[in-house]
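Architecture at a glance
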Number of protein chains: 2
Amino acid sequence: MKKLILWTGLACSLLFGAAANANDEVQKLTQDPNQWVLQTGDYANTRYSKLDQINAGNVNKLQVAWTFSTGVLRGHEGAPIVVGDIMYVHSPFPNTVFALDLNDDGKIIWKYEPKQDPNVIPVMCCDTVNRGLAYADGKVFLHQADTTVVALDAKTGKVVWSVVNGDPKAGATNTATVMPVKDKVLVGISGGEFGVQCHVTAYDLKTGKLAWRAYSEGPDDQILFDPVKTTALGKPVGADSSLKTWQGDQWKTGGGCTWGWYSYDPATNLVYYGSGNPSTWNPKQRPGDNKWSMTIFARDADTGVAKWVYQMTPHDEWDYDGINEMVLVDQKIDGKDRNLLVHFDRNGFGYTLDRKTGELLVAEKYDPAVNWASKIDMDPKSATYGRPLVVAQYSTEQNGEDVNSKGICPAALGTKDQQPSAFSPRTGLFYVPTNHVCMDYEPFKVSYTPGQPYVGATLSMYPAPNSHGGMGNFIAWDATKGKIVWSLPEQFSVWSGALATAGDVVFYGTLEGYLKAVDAKTGKELYKFKTPSGIIGNVMTYTHKGKQYVAVLSGVGGWAGIGLAAGLTDPNAGLGAVGGYAALNSYTALGGQLTVFAVP
Amino acid sequence: MKKLILWTGLACSLLFGAAANANDEVQKLTQDPNQWVLQTGDYANTRYSKLDQINAGNVNKLQVAWTFSTGVLRGHEGAPIVVGDIMYVHSPFPNTVFALDLNDDGKIIWKYEPKQDPNVIPVMCCDTVNRGLAYADGKVFLHQADTTVVALDAKTGKVVWSVVNGDPKAGATNTATVMPVKDKVLVGISGGEFGVQCHVTAYDLKTGKLAWRAYSEGPDDQILFDPVKTTALGKPVGADSSLKTWQGDQWKTGGGCTWGWYSYDPATNLVYYGSGNPSTWNPKQRPGDNKWSMTIFARDADTGVAKWVYQMTPHDEWDYDGINEMVLVDQKIDGKDRNLLVHFDRNGFGYTLDRKTGELLVAEKYDPAVNWASKIDMDPKSATYGRPLVVAQYSTEQNGEDVNSKGICPAALGTKDQQPSAFSPRTGLFYVPTNHVCMDYEPFKVSYTPGQPYVGATLSMYPAPNSHGGMGNFIAWDATKGKIVWSLPEQFSVWSGALATAGDVVFYGTLEGYLKAVDAKTGKELYKFKTPSGIIGNVMTYTHKGKQYVAVLSGVGGWAGIGLAAGLTDPNAGLGAVGGYAALNSYTALGGQLTVFAVP
Ligand SMILES: O=C(O)c1cc(C(=O)O)c2c(n1)C(=O)C(=O)c1cc(C(=O)O)[nH]c1-2
Ligand SMILES: O=C(O)c1cc(C(=O)O)c2c(n1)C(=O)C(=O)c1cc(C(=O)O)[nH]c1-2
């Protein structure tokens, strides 16, 4: 115990100080398991904690330690962060931030209540969620729904700087967390359903000054590509790699939004993230591969220039945004140590790549229901190398406009959406909250109007047929082999992010509101507790005064819970999600609460 | 354990059946400690439970068993009720009702979502609260904010009947629970800040047909007084007892609202309740005693005719509504067994009366800070018998219009407001959640417009000076002597209803959000837990499958929490309550959650 306390002390001395290099500071803090300073837990996005006070042997004794209401309803994504003795909790729109005193039962030290125009709400595609705060350099960073990025003094809540990253009137909003890297803070943007030309932007950590901006599509100087040095599957991308794949000016309203998770590898100085769907959802209207939507990017953290890219779903026909997290792990493949990037894509394939080079190592379905593509072509000599082999029956492009393509798996919200997976170095396994949902998809012609939905498809979603009847699974995955190790059926999509710990327990939440703890090795359920509302937040852990706590936000919503969150009942509403999840109504109601657990 | 389970079985066979006499049924159910079918626990309003599994010896091991979010923010008053294996939970406006399956982790069996005009909200004086449901005759009764009384089929949630009790456009709303008595259901009404001529109304339990209505002021046939048989302090009231005490037609806009708690004594067939403030709050504008505002009524349950009345605060000058609960207990006074009615009035006096005759036995301050009256005249021979002896300095009438009378104790929200007390027959003590707040009060001239506020005073509130600095106390009171036995200082008013149990534990909630358990004998704190939001709900208990649970609603609001609930910051806003409770902002945020506790 002594050691833990010393650690905290050490970490605290770093806080609120003038760190010479924020990168070092954040990296140190993420390595201290007593704190949780980034949404992703660490730069590698493993969502793994070295804490083991709560473990497979005693997690069945877990109890609620304390609770907190955010005062806001609708979908609560993300998680609180803990820096020293302070917990920072955020809410969905209007994105209230609370600093809670862990030494005083969560007393509110300060509160930041942004005044945001409620007209932003209808411009948010998939509920008024926000994926949380990040800490660096004595500041807490919030990226508001209206795209205002604010740096708050961690001690006082005073605004140190703020900058506007996009225009909600033109369809740009934000739901993502930010990623502080070195002397910058990286931020994404949403708007794939509004035809925004999306980008990643780096702002100076201390001043908010724009450092670089990299678009997902457009000319090379906008996408920060070096035709020679930027590679795709080992080959230089060449000039105009994006422009060539769009008809005319369509890239200007091309989407490819950047609302997911960011990772960073200090060894390579690369940041990793994925881009979302090309706009519109009607593929007929945008011929070409629509690069670099649906792409994994590896960019230099200092300059933003792309080192390598990999497009998973060229010419998307299903809204399979590629924004899910990139988990950076070192594992052996074929007996060889590799620096890996593992990514569970919306399209239902689990990808394992070499994170230095972008070499594609493994690409397998992580839900057997996936049917839109038979496989990813893994033959480097093939003309379709690295591309999915699309099954004609499920091609909304081939079936054409105004034709309802039926039985496509996964549904648009993917085999996994924003809900992040976790990785345990102790088991070598990935723990993946998944959807087990299929869809009918009917594209239709749509015209672009700034700030208006630019969707062009009617969807309906339902549980994967001929399966267990539920809409989700929680799986353990071997990324070196591309194999499911175990799979737990769930009645609803698991829309909550997982946490793996050195106690060999994996935690996740369910849309009904359960926090569940399962054995990391076997998947055996060890504990469950019904929190006030459906969980779409991510489970996190920290210590306070030497005691381990596990915390999660409840508050049903997100795309899966949009029916409840926005009070929609037409089955096709909510971009097709309302019907499939209608039964949620019998399990939970809107909420917005933090529940903190401990073994007494 | 066996015995408890049998009990439940027996009780269940009564449920959902055609009870010959709803009175018998409800009475039996209230005597079964495994259930909680009325907000008041029993007809006597004791809020005492015979359950003792959770007791002074083990309550420190209490843990959260499960939770539920109502999907509504703002003040959550009242409590869930439990009938058999179903828990019924209500919310503030829009008054959603949930039937939760206790056999299936609180799965939602049915939900009733009234469509109410949001224009009702600004007509509610003191937050959008609702004090909960009642069960009788296979039906769950809800009295909505818009004064619609609905009887819902307990099994299906279908509306059996509904009736409109008042007109929100003329200032009438509802916050109170209903009281089913025999073949009728009794309902009150709110509107004392809008000049409503308030009343109690009995509707037929099976059909909703109006049976009788008794106004608080007006001609004898409207107030259902018998000039000869209706007594006040042992004497017939005589003809026109109300009319004589108002100037002209002022009784027609006279208030005297009936938004509090109701008790019933089957032995006398009398129902007991109190009436609220006379309208306006400017006493200069309404000369006279303003009868029967501020009055305890004992009325025949079948006819509504008043047996006796006692006006506590004639010609109110401070908004000391007399609506607090009447607790019916049998205790010895001076060695003689008496049938008592005990009432902790807003005006700061704790009254003990003979509930058969209305004889005044004890009237003492239950907070030493009370200063507006020196005492209640207890001399039957005195001309002012039964009246408070008002201290000139604190008389807003004597100081006059546009004069700010300072340092009046208690504040308008009284030494106690709606938060109900509990009584333990084991200790013979009352457990009273109190306010320890004083005020400045400046009356001003106001004219009556239907549906518009008719207040006529500017208030500010603050902690009782020269005391412990807090705004509340939780006290134990001996009603036979009129003495405080012990008193626990609290930082904020205790706005939550207490529960006493055979385990010799007393529970209450705090505005910061703590559920507290104290020793019934000594007041020693045995347990506390921070729930998601401030507690203004009432603690209740029940068993399920032989195990005892304690439940409470969180959700800060009510008059004390109106600043947070309605987002007000001007210290004089919220009828003067905002300033005094501003510090609440540092402890809690809006919420709406049920927390259910058990000893594992
Ligand atoms: O393309 C976009 O800009 C965009 C943004 C968002 C978002 O900001 O939440 C989502 C999506 N797309 C999306 O496709 C999607 O499935 C989705 C789910 C969620 C969620 O939080 O539950 N957001 C989003
Ligand atoms: O005179 C009335 O009609 C009336 C109604 C209500 C109400 O309906 O809640 C309150 C009051 N008065 C009142 O004086 C008061 O202190 C009060 C507190 C509360 C509350 O729920 O916190 N309601 C009311």
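Residues numbered from 1 in each chain as written. Chains lettered and ligands numbered in written order. Predicted model: local features only at pLDDT ≥ 70, side-chain atom pairs only at ≥ 80, totals over all residues. Heavy atoms only, no water.

The name given to chain A in an unreviewed UniProt entry is PQQ-dependent dehydrogenase, methanol/ethanol family, and the organism recorded there is Oleomonas cavernae. Among the UniProt annotations of chain A, the heading Sequence similarities (unreviewed entry) holds the following wording: "Belongs to the bacterial PQQ dehydrogenase family." (UniProt positions renumbered as here; feature names shortened; annotations may be inferred.)

We now examine the site of ligand 2. Residues and elements named next belong to chain B. In the vicinity of ligand 2 lie 21 residues, with Glu 77, Thr 175, Ser 190, Gly 191 and Asp 417 positioned nearest. One of the side-chain nitrogen or oxygen atoms of Ser 190 is found 2.7 Å away from an oxygen atom of ligand 2. Separating an oxygen atom of ligand 2 from a side-chain N or O atom of Asp 321 is a distance of 3.3 Å. Burial of ligand 2 by the protein amounts to 99% of the accessible area it has alone, namely 470 Å². For the shell around ligand 2, the residue count by class is 7 nonpolar, 7 polar and 7 charged. (Near = heavy atom within 4 Å. Polar contact = N/O pair within 3.5 Å; in protein donor to acceptor, adjacent residues only side chain to side chain. Areas by Shrake-Rupley, 256 points an atom, 1.4 Å probe, with all protein chains shown as cover. Nonpolar A, V, L, I, M, F, W, Y, C, P; charged D, E, K, R; others polar.)

Another aspect to go through is the packing of aromatic side chains. Two aromatic rings are characterised by how far apart their centres lie and by the angle between their planes. Taken as a whole and assessed by the stated rule, the structure comprises 59 aromatic pairs over all chains. Between Tyr272(A) and Trp308(A), the ring centres sit 6.1 Å apart and the planes meet at 50°, which makes this aromatic pair tilted. With a gap of 36 residues between them, Tyr272(A) in strand β18 (residues 270–274) and Trp308(A) in strand β20 (residues 306–311) connect regions that are remote in the sequence. Comparing Tyr272(A) with Trp308(A), the two get one shared label, buried. Taking the centre distance of 6.0 Å and the plane angle of 75° together, the rings of Phe344(B) and Trp477(B) count as edge-to-face. (Phe/Tyr/Trp six-rings, centres within 6.5 Å; stacked < 30°, edge-to-face > 60°. Helix = DSSP H or I, 4+ residues; strand = E, 2+ residues; numbered from the N terminus. Buried < 20%, exposed > 50% of the residue type's maximum accessible area, 1.4 Å probe, protein only.)

What follows covers the sheet that holds strand β27 (residues 405–408) of chain B. Residues and elements named next belong to chain B. Spatially, the 3 strands line up as an open sheet ordered β27-β30-β31, and their pairing is antiparallel. The open sheet is flanked by β27 and β31 (457–463), the only strands paired with a single partner. Adjacent strand axes in the sheet meet at a mean angle of 15° when their direction is disregarded. In the sheet, β27 pairs with strand β30 (residues 437–443) via 2 bridges, with the strands oriented antiparallel. Across the sheet, Ser 405 pairs through a bridge with Tyr 441, a residue of β30. (Pairing = 2+ DSSP bridges. Axes fitted to C-alpha atoms, helices over the stretch in contact; angles between N-to-C directions.)

Here the focus is the interface of chain A and chain B. With 34 residues of chain A at the contact, the number on the chain B side is 34 residues. Interface area, chain A with chain B, both sides summed: about 2,500 Å², of which 51% is carbon and sulfur. Counting across the interface, chain A meets chain B through 0 salt bridges. Linking chain A with chain B are 21 residue pairs in polar contact (both at pLDDT 80 or more), by the criterion used here. Contributions of two or more residues to the side of chain A that touches chain B are made by β2 (63–69), β6 (107–112) and β37 (525–530) of chain A. By residue class, the composition of the side of chain A that touches chain B is 16 nonpolar, 13 polar and 5 charged. (Contact = heavy atoms within 4.5 Å. Buried area = accessible area lost by both parts, 1.4 Å probe. Salt bridge = Lys/Arg side-chain N within 4 Å of Asp/Glu carboxyl O.)

Right, let's talk about the pattern of salt bridges for a bit. All names here are of chain B. Scanning all chains against the criterion turns up 48 salt bridges over all chains. Where Lys 416 meets Glu 325, a salt bridge forms, and the shortest distance between an N and an O atom there is 2.7 Å. A residue pair is termed long-range when its members are at least 10 positions apart, and Lys 416 in the loop between β27 and β28 (422–424) and Glu 325 in the loop between β20 (306–311) and β21 (326–333) qualify at 91 residues. The exposure class of Glu 325 is buried, given its relative accessible area of 0%. In this structure, Asp 354 and Arg 338 form a salt bridge, with 3.0 Å as the shortest nitrogen-oxygen distance. Within this pair, whereas Asp 354 is found in strand β23 (residues 349–354), its partner Arg 338 is found in strand β22 (residues 336–344), the two being separated by 16 residues in sequence. Among the residues examined, Asp 354 registers a relative accessible area of 10% and is labelled buried.

Let us look at the site of ligand 1. All names here are of chain A. As a structural note, the neighbourhood of ligand 1 is formed by 21 residues, with Glu 77, Ser 190, Gly 191, Gly 192 and Asp 417 the closest of them. At 2.7 Å from an oxygen atom of ligand 1 is found a side-chain nitrogen or oxygen belonging to Ser 190. Between ligand 1 and Trp 259 there is a distance of 3.2 Å, counted from a nitrogen atom to a side-chain nitrogen or oxygen. Protein chains shield 99% of the accessible area of ligand 1, which is 470 Å² for the free molecule. Of the residues belonging to the shell around ligand 1, the class tally is 7 nonpolar, 7 polar and 7 charged.

With that settled, the discussion passes to the pairing of strand β29 (residues 429–435) of chain A. Consecutive residues of a regular strand have side chains that alternate between opposite faces of the sheet. Residues and elements named next belong to chain A. Within β29, 7 of the 7 residues are buried, leaving the element largely enclosed by the surrounding structure. Residue alternation in β29 divides its side chains into two sets, Leu 429, Tyr 431, Pro 433 and Asn 435 and Phe 430, Val 432 and Thr 434, and both sets are buried. Both strand β28 (residues 422–424) and β29 contribute to a ladder of 3 bridges, which runs antiparallel. In the sheet register, Ala 422 faces β29, and the bridge partner there is Tyr 431. Linking two consecutive strands that pair antiparallel, namely β28 and β29, is a turn of 4 residues; a positive phi of about 70° is found at Gly 428 within it. Both β29 and strand β32 (residues 472–478) contribute to a ladder of 6 bridges, which runs antiparallel. Its bridge partner lying in β32, Thr 434 is registered against Asn 473.

Another point: the nonpolar core. Nonpolar side chains in soluble globular proteins tend to be buried together. Judged by nonpolar contacts, the single largest core of 182 residues is most densely connected at Phe507(A) and Phe507(B). Apart from the residues lying within four places of it in its own chain, the contact partners of Phe507(B) are Ile54(B), Val59(B), Leu62(B), Gly497(B), Ala498(B), Leu499(B), Thr501(B), Leu515(B), Lys516(B), Ala517(B), Val539(B) and Val550(B). By size, the runner-up hydrophobic cluster in this structure holds 116 residues, among which are Leu511(A), Ala44(B), Tyr320(B) and Ala573(B). (Core = buried A, V, L, I, M, F, W, Y, C linked by side-chain atoms within 4.5 Å.)

A few words on the UniProt feature "active site" (unreviewed entry) in chain A. Residues and elements named next belong to chain A. As annotated by UniProt and renumbered to match this structure, "active site" (unreviewed entry) occupies Asp 319. For Asp 319, a relative accessible area of 1% corresponds to the buried category. Contact partners of Asp 319, with chain neighbours within four places excluded, come to Glu 193, Asn 277, Trp 281, Met 294, Arg 346, Ala 412, Tyr 441 and Trp 559. Side chain to side chain, Asp 319 and Trp 281 meet in a polar contact 3.4 Å long.

Looking now at the side chain of Thr175(B). Inspection of the secondary structure puts Thr175(B) in the loop between β10 (159–164) and β11 (179–181). Not counting residues within four places of it along the chain, the set of residues in contact with Thr175(B) comprises Met124(B), Val129(B), Asn130(B), Arg131(B), Ser190(B) and Trp259(B).

Our next topic: the state of the cysteines. All names here are of chain B. For the structure on display, the rule yields 6 disulfides over all chains. Residue pairing for Cys 125: its cysteine sulfur links by disulfide to Cys 126, the two sulfurs lying 2.2 Å apart. Measuring handedness by torsion sign, the sulfur bridge of Cys 125 and Cys 126 sits at about -100° and is left-handed. Residue class for Cys 125 comes out partly exposed when judged on its relative accessible area of 33%. (Disulfide = S-S within 2.5 Å.)

For the rest of this paragraph, the subject is the pairing of strand β14 (residues 210–215) of chain B. Residues and elements named next belong to chain B. Note: strand β13 (residues 199–204) against β14, 5 bridges, orientation antiparallel. When the bridges of β14 are listed, His 199 appears paired with Tyr 215. In this structure, the hairpin formed by β13 and β14 is closed by a connection of 5 residues, where Gly 208 is found at a positive phi of approximately 85°.

All names here are of chain A. As for its placement among the helices and strands, Cys 198 is situated in the loop between β12 (184–187) and β13 (199–204). Given the relative accessible area of 0%, Cys 198 is considered buried. Along the chain, Cys 198 and Ser 493 lie 295 residues apart, while their C-alpha atoms are 27 Å from each other. Setting aside its immediate chain neighbours within four residues, Cys 198 contacts Ile 189, Ser 190, Gly 191, Ala 214, Tyr 215, Ser 216, Glu 217, Gly 255, Gly 256, Cys 257 and Thr 258.

What follows is about the environment of Asn119(B). Residues and elements named next belong to chain B. Within the secondary structure layout, Asn 119 lies in the loop between β6 (107–112) and β7 (134–136). By relative accessible area, which is 56% here, Asn 119 ends up exposed. In this structure the C-alpha to C-alpha distance between Asn 119 and Lys 169, which are 50 residues apart in sequence, comes to 8.6 Å.

Right, let's talk about the UniProt feature "binding site: pyrroloquinoline quinone" (unreviewed entry) in chain A for a bit. All names here are of chain A. Sites flagged by UniProt as "binding site: pyrroloquinoline quinone" (unreviewed entry) map to Glu 77, Arg 131 and Thr 175. Taken together, the annotated residues stretch across 99 residues yet fold into one region, lying no more than 9.0 Å apart by C-alpha. One can find Glu 77 in the loop between β2 and β3 (81–83). With sequence-adjacent residues up to four places away left out, Glu 77 is seen in contact with His 90, Val 129, Asn 130, Arg 131, Gln 418, Trp 495, Ile 536, Gly 537, Leu 553 and Gly 558.

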